[in-house]
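Reading the structure
One letter stands for each residue in the lines below.
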Amino acid sequence: MTLRESNIQKLDQGLYDVLIIGGGINGAVAAAALSGKGARVALIDQRDFAGFTSQQSSNLAWGGIKYLESLDYPLVRKLCLSRNHLIESYPSRVKEIRFLATIDKGFRWPALFLWIGGWIYWLFGNGFTKIPRLFSKRAINKSEPIINTENTGGGFEYSDAYLHDNDSRFVFQFVRSAMDRGCIAVNYVKSVGARREGDVWITQAQDVINGKAVEIRSKVLINAAGPFVDEHNQLTGEKTEHHHVFSKGIHLIVPRVTASQRILAFFADDGRLFFVIPMGARTCIGTTDTRVDSPFTEVTEDDRQFVLDNINKRLNFKQALTRADVIAERCGVRPLVVKAQGGKSRDWMQLSRKHEIDVNQSKAHISIFGGKLTDCVNVGNEVCDIIAAMNIALPHRHYKWYGEPHPSVREEYLHQARLMNLDSYTSSASIESLSSRLWRRYDQQALELLAIIREDPRQAEVLIKGTDYLRCEIQLAKRQEMIVKLDDFLRRRSKIALVVSRENIKQAPGLMEACEILFDEQAQQKFDEYFLDSPAT
Ligand SMILES: Cc1cc2nc3c(=O)[nH]c(=O)nc-3n(C[C@H](O)[C@H](O)[C@H](O)COP(=O)(O)OP(=O)(O)OC[C@H]3O[C@@H](n4cnc5c(N)ncnc54)[C@H](O)[C@@H]3O)c2cc1C
């Protein structure tokens, strides 16, 4: 029996303290925090974990320097501290990175002024990161010759942080840690509505893979459905103080444009900040910010052209980037919080990116609105406080539910890795050592992988050629990572689908063997489904 089958069977057994609807970042941290503190938790998502908004972000953990302009100082301060806390708690997953912002002549603020803003930003973050630096046009030419400085007035460099792997892997790691602490999490299970009977929520759910109905009973219901929070509240008749509006953002992934490991920041023609972000051997460019009415969006020809025009204007390419250079695209909506009345009057670009948690104490119902990956630890902690106030027992109230294992575990892992010369297996295409990559992706489970490789060195072979992923990682994914569709593995547990073109994935030697490991006799069907569902861009 697979992990998913076994968890589905448990969904309708007994009474959960909390059922969480939605396995994006908000649902995942709520699950990790509550199960870490001892609550009996179930989590369902109608798609894959992180299968909607939380797989479309810019992969940044940041204080939001741009919100200084809208005078949102408390938000910037809070996000800077959250960013610092993530860097400290996840030293191998969340890393400080430099942003070099290039400012056009005649821009609404001169570079010197923005550099002073960079210092304020740095102070808001308690001086935790490297200090900001002012750049002359000459200094920009010297350190980043790819930047077209024809119309540049100057620039400045400051720090924020990025998720080394991928937003969706980051989210999954919270789901995994929740499961390790007893949470029953299942992907591809949809809530079709819930009713309150006495002191209990009864949620009608459906396994979207085989259509089977499941009934889940819980004392508390947490609606963490991201852009669908309002929709789900309509199903349960919940009235809330806050609601969502949507802002669409896209990213294009292209071959790496500069060797430096820093983010290049520009103000696009519409005045918004946009970024050129390193993504291993690729570069991710974005994002846009367009108001939309529906959470279901796609990259339009206009979006694509906007990003390409802006980047071609600001970087010196031998040949301008075109649609043919785009390896993959990302597109999602930011669920932004507005009050039921009055919120919409605020300037669109300046709508706050903070989160709000609406609580209906009498019905034991919680709705999480907005939020960011950056602020995820606070969301988890706030949810625990609310649940405790509802008199749900949290026997391990002070348990620290987040963060990488103690440094001594990592030292032990690195020691063992050195003894077996693990890094000699690093693939020639990889830009980092195998020992650091395995630790970041699996932390203590990486020790299990070492044992497997010691027993059978073939397990350290790259299975899908043109990627970094080893045979033993795919075995582990099958057992522990609830892969239902090939996309779950290629796009979310790994980032293969973001950095390798669809055609190259299809041709990659080893892909079918990986499918056989993941799906047994359904391998061919899952392979066909993937390439049929998502044709080449
Ligand atoms: C372009 C873009 C760039 C961004 N960049 C950053 C960034 O760099 N840094 C940062 O911190 N934040 C960033 N964000 C914001 C951040 O990504 C989002 O705020 C966050 O991912 C939202 O998470 P969520 O859990 O609320 O929603 P989601 O990730 O959408 O999760 C909600 C889940 O609920 C599930 N669901 C819905 N209805 C049901 C139902 N009836 N039954 C079961 N499941 C259901 C969905 O399938 C979905 O998986 C960005 C967002 C966008 C769009």
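Relevant structure appears above.
Attention here is on the structure that accompanies the text. (Residues numbered from 1 in each chain as written. Predicted model: local features only at pLDDT ≥ 70, side-chain atom pairs only at ≥ 80, totals over all residues. Heavy atoms only, no water.)

Points about unusual backbone geometry
A cis geometry characterises the amide bond from Gly-286 onward to Thr-287, with omega recorded as 10°. Along the polypeptide, Thr-287 turns up in the loop between β14 (282-286) and β15 (290-292). A positive phi angle, close to 30°, is found at Asp-443, a residue other than glycine. Within the element layout of this structure, Asp-443 appears in the loop between α11 (434-442) and α12 (445-455). (Helix = DSSP H or I, 4+ residues; strand = E, 2+ residues; numbered from the N terminus.)

Concerning the environment of Met-420
By the secondary structure assignment, Met-420 is in the loop between α10 (407-419) and α11. Residue Met-420 is classed as buried on the basis of its relative accessible area, which comes to 16%. Between the C-alpha atom of Met-420 and that of Leu-450, which follows or precedes it by 30 residues, the distance is 8.5 Å. Excluding anything up to four places from it in sequence, Met-420 contacts Tyr-425, Leu-450, Ile-453 and Arg-454. (Buried < 20%, exposed > 50% of the residue type's maximum accessible area, 1.4 Å probe, protein only. Contact = heavy atoms within 4.5 Å.)

Details of the packing of aromatic side chains
The description of an aromatic ring pair uses the distance of the two centres, along with the angle that the planes make with each other. Taken as a whole and judged by the stated rule, the model has 24 aromatic pairs. A connected cluster of aromatic rings, assembled from ring pairs, spans Trp-62, Phe-99, Tyr-121, Phe-156, Tyr-158 and Phe-275. The aromatic ring of Tyr-16 is capped on one face by Arg-40, whose charged end is 4.3 Å from the ring centroid. The ring of Phe-172 carries Arg-493 above its face, with NZ or CZ at 4.4 Å from the centroid. (Phe/Tyr/Trp six-rings, centres within 6.5 Å; stacked < 30°, edge-to-face > 60°. Lys NZ or Arg CZ within 6 Å of the ring centre and 35° of its normal.)

A look at the site of the ligand
Around the ligand sit 37 residues in total, of which Asp-45, Thr-53, Ser-54, Leu-60 and Gly-371 are the nearest. Taking Thr-53, its side chain carries an N or O atom lying 2.7 Å from an oxygen atom of the ligand. Here an oxygen atom of the ligand sits 2.8 Å away from a polar atom, N or O, in the side chain of Thr-374. Its free accessible area being 1000 Å², the ligand has 98% of it covered by the protein chains. Among the elements of the structure, α2 (25-36), β8 (189-197), β11 (242-255) and β16 (328-339) are those that each provide at least two residues to the shell around the ligand. Looking at the shell around the ligand, its residues break down into 12 nonpolar, 20 polar and 5 charged. (Near = heavy atom within 4 Å. Polar contact = N/O pair within 3.5 Å; in protein donor to acceptor, adjacent residues only side chain to side chain. Areas by Shrake-Rupley, 256 points an atom, 1.4 Å probe, with all protein chains shown as cover. Nonpolar A, V, L, I, M, F, W, Y, C, P; charged D, E, K, R; others polar.)

Observations regarding the packing of α11 against α12
Two numbers describe how α11 lies on α12: the axes approach to 7 Å, and their chain directions differ by 130°. Taken as axis vectors, α11 and α12 run oblique relative to one another. Between α11 and α12, the residues in contact are Leu-438, Trp-439 and Tyr-442 and Gln-445, Ala-446 and Leu-449, respectively. Of the residues contributing to the contact of α11 with α12, the split by class is 5 nonpolar, 1 polar and no charged. (Axes fitted to C-alpha atoms, helices over the stretch in contact; angles between N-to-C directions. Parallel < 35°, antiparallel > 145°, perpendicular 65-115°, else oblique.)

Notes on the side chain of Arg-330
Examined against the element boundaries, Arg-330 turns out to sit in strand β16. Among the residues examined, Arg-330 registers a relative accessible area of 0% and is labelled buried. A distance of 3.1 Å separates a polar side-chain atom of Arg-330 from the backbone oxygen of Gln-55. Among the polar contacts made by the side chain of Arg-330, one reaches the main-chain carbonyl oxygen of Ser-57 at a distance of 2.8 Å.

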